[in-house]
Amino acid sequence: MFSNIKTSKSNKELVSRLTSKLNLGTENLIARISMAHSLGLDRRLELANIADAGGKEYSFKVLFGDNYDYYIALICVHYNLYKTDKDIPRYVKMHIDDGLELLDKEFSTTLGIDSLVSIIDKGLSVYA
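Report follows, based on the coordinates. (Residues numbered from 1 in each chain as written. Predicted model: local features only at pLDDT ≥ 70, side-chain atom pairs only at ≥ 80, totals over all residues. Heavy atoms only, no water.)

1. Re the overall build of the chain
Reasoning step 1: Counting secondary structure elements, the chain contains six helices and two strands.
Reasoning step 2: The N-to-C order of helical and strand elements in the chain reads β-α-α-β-α-α-α-α.
Reasoning step 3: C-alpha atoms of the chain, sized along the principal axes, occupy 40 × 35 × 30 Å.
Reasoning step 4: Across the 128 residues in the chain, those meeting the buried criterion constitute 44%. (Helix = DSSP H or I, 4+ residues; strand = E, 2+ residues; numbered from the N terminus. Buried < 20%, exposed > 50% of the residue type's maximum accessible area, 1.4 Å probe, protein only.)

2. Things to note about the nonpolar core
Reasoning step 1: Formed by 33 residues in total, the largest nonpolar core has its most connected members in Ile30, Phe64 and Val92.
Reasoning step 2: Counting residues per element, the ones that place at least two in this core are α1 (9-21), α2 (28-40), α3 (60-64), α4 (68-79), α5 (88-107) and α6 (113-127).
Reasoning step 3: Top contributing element to this core by residue count: α5, with eight residues.
Reasoning step 4: With residues up to four places along the chain from it excluded, the contact list for valine 92 reads Ile5, Met35, Leu63, Phe64, Ile72 and Ile75. (Core = buried A, V, L, I, M, F, W, Y, C linked by side-chain atoms within 4.5 Å. Contact = heavy atoms within 4.5 Å.)

3. So, the pattern of salt bridges
Close approach of charged atoms lets side chains of opposite charge pair.
Reasoning step 1: Per the counting criterion, the structure on display carries seven salt bridges.
Reasoning step 2: Measuring nitrogen to oxygen at the nearest pair gives 3.5 Å for the salt bridge that ties arginine 17 to aspartate 104. Placement of the pair is arginine 17 in helix α1 and aspartate 104 in helix α5, with a sequence separation of 87 residues.
Reasoning step 3: On the basis of relative accessible area, arginine 17 is assigned to the partly exposed category, the value being 39%.
Reasoning step 4: Judged by relative accessible area, aspartate 104 falls into the partly exposed class, the value being 22%.
Reasoning step 5: Notably, a salt bridge pairs lysine 56 with glutamate 27, separated by 3.0 Å at the nearest N-O pair. Of the two residues, lysine 56 sits in the loop between α2 and β2 (57-59) while glutamate 27 sits in the loop between α1 and α2, which places them 29 residues apart along the sequence. (Salt bridge = Lys/Arg side-chain N within 4 Å of Asp/Glu carboxyl O.)

4. As for the packing of aromatic side chains
Reasoning step 1: Using the criterion set out here, one finds four aromatic pairs in the structure.
Reasoning step 2: Look at phenylalanine 64 and tyrosine 71: their rings are 4.7 Å apart centre to centre, the planes differ by 25 degrees, and that puts the pair in the stacked class. The residues phenylalanine 64 and tyrosine 71 share a single accessibility class, namely buried.
Reasoning step 3: Taken together, a centroid distance of 3.8 Å and an interplanar angle of 25 degrees make the contact between tyrosine 79 and tyrosine 91 stacked. One end of the pair, tyrosine 79, is in helix α4; the other, tyrosine 91, is in helix α5, and twelve residues separate them in sequence. Tyrosine 91 shares its class with tyrosine 79; the two are buried.
Reasoning step 4: In this structure an aromatic cluster arises from ring pairing among Phe60, Phe64, Tyr68 and Tyr71.
Reasoning step 5: Looking at lysine 56, its charged tip hangs above the ring of tyrosine 58, at a distance of 5.7 Å from the centre. (Phe/Tyr/Trp six-rings, centres within 6.5 Å; stacked < 30°, edge-to-face > 60°. Lys NZ or Arg CZ within 6 Å of the ring centre and 35° of its normal.)

5. Considering unusual backbone geometry
Reasoning step 1: Unlike most non-glycine residues, asparagine 23 shows phi in positive territory, near 55 degrees.
Reasoning step 2: Structurally, the position occupied by asparagine 23 is in the loop between α1 and α2.
Reasoning step 3: Residue asparagine 23 is classed as exposed on the basis of its relative accessible area, which comes to 69%.
Reasoning step 4: Backbone geometry places asparagine 80, a non-glycine residue, at a positive phi of 55 degrees.
Reasoning step 5: Relative to the elements of secondary structure, asparagine 80 occurs in the loop between α4 and α5.

In structure tokens form, the structure reads like this:
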């Protein structure tokens, strides 16, 4: 288990902007959605491309709430890792950063919550 995750410095602003645009309330929700969206695209990210950690910081409890085991299981299945693998926090960070950037691009041309529902629905179909 890790204690905290930090987004990249450039994504700190995206967390606030997307949370506000989508009227999500707390900023941990956009991080969860971003990670799930990135994983839902079924791409493997390379650890060599990890960004800086100068952005928004989340404790694991705030980031995942009571669903920590489920989010970590998604990473483990996606990368074929055991739940204690030392690289899991790095993959979590990378998928949050990746998802934030993807959502920012998608929401720059769309209106909002309907698009978010569509993205979540597509992501759910990957694991169904």
